[in-house]
Amino acid sequence: NDLEIARLIVKAGIPVILKKAGAGFPKGWPSAKPDLSVIDKWKPGDKLFVVTGKQADGRGVDVADIDPRHHGDQTAYELKASGSWPKARGVVTTPSGGLHVWLPPSGVRKGKLTGIDLQAGTFLAAEHVGRGLVGIPPSVGSSTNSKGKYIWQTEPDFAGLAGPVSPEQTKL
């Protein structure tokens, strides 16, 4: 189930934060550490978000946020056709009809192409650089006032997210 996958994400060393229904994002979220108790506090109407980027220990996730409303699907198609698209390590369908494509953490700040935002970043000691957030199931809705659900299209491949990766492998 979705909450079990969220627990596995945290166990893989990837921080997840909780945004309570009607509240803002928790203060200090870019410095969040993996904490299983966050998942246990989730209630229907709350939202779970993964904090993207590379942790100090090298674990983490980058996410290509593909927005078809801004032609991200076309950009992704062109990158795949040219052989420049990295291997997905998990895919979430977003409430707005886009995709969150999970990639190994590169340590790059962030990236942007037409209709695609690379949610990445890094955490070094007490400093975070350019980290992002992406929603995960069982969350419903998004910051764009959509009421749809986040749905796993392909569950995370934790072995594929681990290990060294060069910035070229996730260049967008």
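Please refer to the structure higher up on the page.
Quick caveat: nothing in here was measured; it's all calculated off a predicted structure. (Residues numbered from 1 in each chain as written. Predicted model: local features only at pLDDT ≥ 70, side-chain atom pairs only at ≥ 80, totals over all residues. Heavy atoms only, no water.)

Caption draft 1: Summary view of the overall build of the protein. From N to C terminus, the protein includes four helices and twelve strands. For the protein, the residues scored as buried account for 48% of the 172 residues in total. (Helix = DSSP H or I, 4+ residues; strand = E, 2+ residues; numbered from the N terminus. Buried < 20%, exposed > 50% of the residue type's maximum accessible area, 1.4 Å probe, protein only.)

Caption draft 2: Fine view of the sheet that holds strand 1 (residues 16-19). The three strands lie next to each other as 1-2-11, forming an open sheet whose pairing is antiparallel. Edge positions in the open sheet fall to strand 1 and strand 11 (133-136), since each of these has one partner strand only. Strand-to-strand twist of the sheet, defined as the mean angle between neighbouring strand axes without regard to direction, takes the value 40 degrees. When strand 2 (residues 47-51) meets strand 11, the two strands line up antiparallel, connected through four bridges. Counterpart to Phe49 in the pairing with strand 11 is Gly135. (Pairing = 2+ DSSP bridges. Axes fitted to C-alpha atoms, helices over the stretch in contact; angles between N-to-C directions.)

Caption draft 3: Fine view of the pattern of salt bridges. One pass over the full model with this rule turns up seven salt bridges. When the shortest N-O distance is used, the salt bridge between Glu4 and Arg7 registers 3.8 Å. Highlighted residues: Glu4 and Arg7, both in helix 1 (residues 2-11), separated by three residues, approximately one helical turn. The exposure class assigned to Arg7 is partly exposed, which follows from its relative accessible area of 23%. When the shortest N-O distance is used, the salt bridge between Asp40 and Arg7 registers 3.3 Å. In this pair, Asp40 is assigned in helix 2 (residues 37-40) and Arg7 in helix 1, connecting sequence segments 33 residues apart. According to the relative accessible area criterion, Asp40 is partly exposed, its value standing at 48%. Taken together, the shared-partner salt bridges connect Glu4, Arg7 and Asp40 into one network. (Salt bridge = Lys/Arg side-chain N within 4 Å of Asp/Glu carboxyl O.)

Caption draft 4: Layout of the nonpolar core. Residues Ile9, Val16, Leu48, Val50, Trp102 and Ile136 are the most contacted members of the largest nonpolar core, which totals 22 residues. Among the secondary structure elements, those contributing two or more residues to this core are helix 1, strand 1, helix 2, strand 2, strand 4 (60-66) and strand 11. No other element matches the five residues that helix 1 contributes to this core. By size, the runner-up hydrophobic cluster in this structure holds ten residues, among which are Ala64, Leu79, Val101 and Leu103. (Core = buried A, V, L, I, M, F, W, Y, C linked by side-chain atoms within 4.5 Å.)

So yeah, pure geometry; function would need other evidence.
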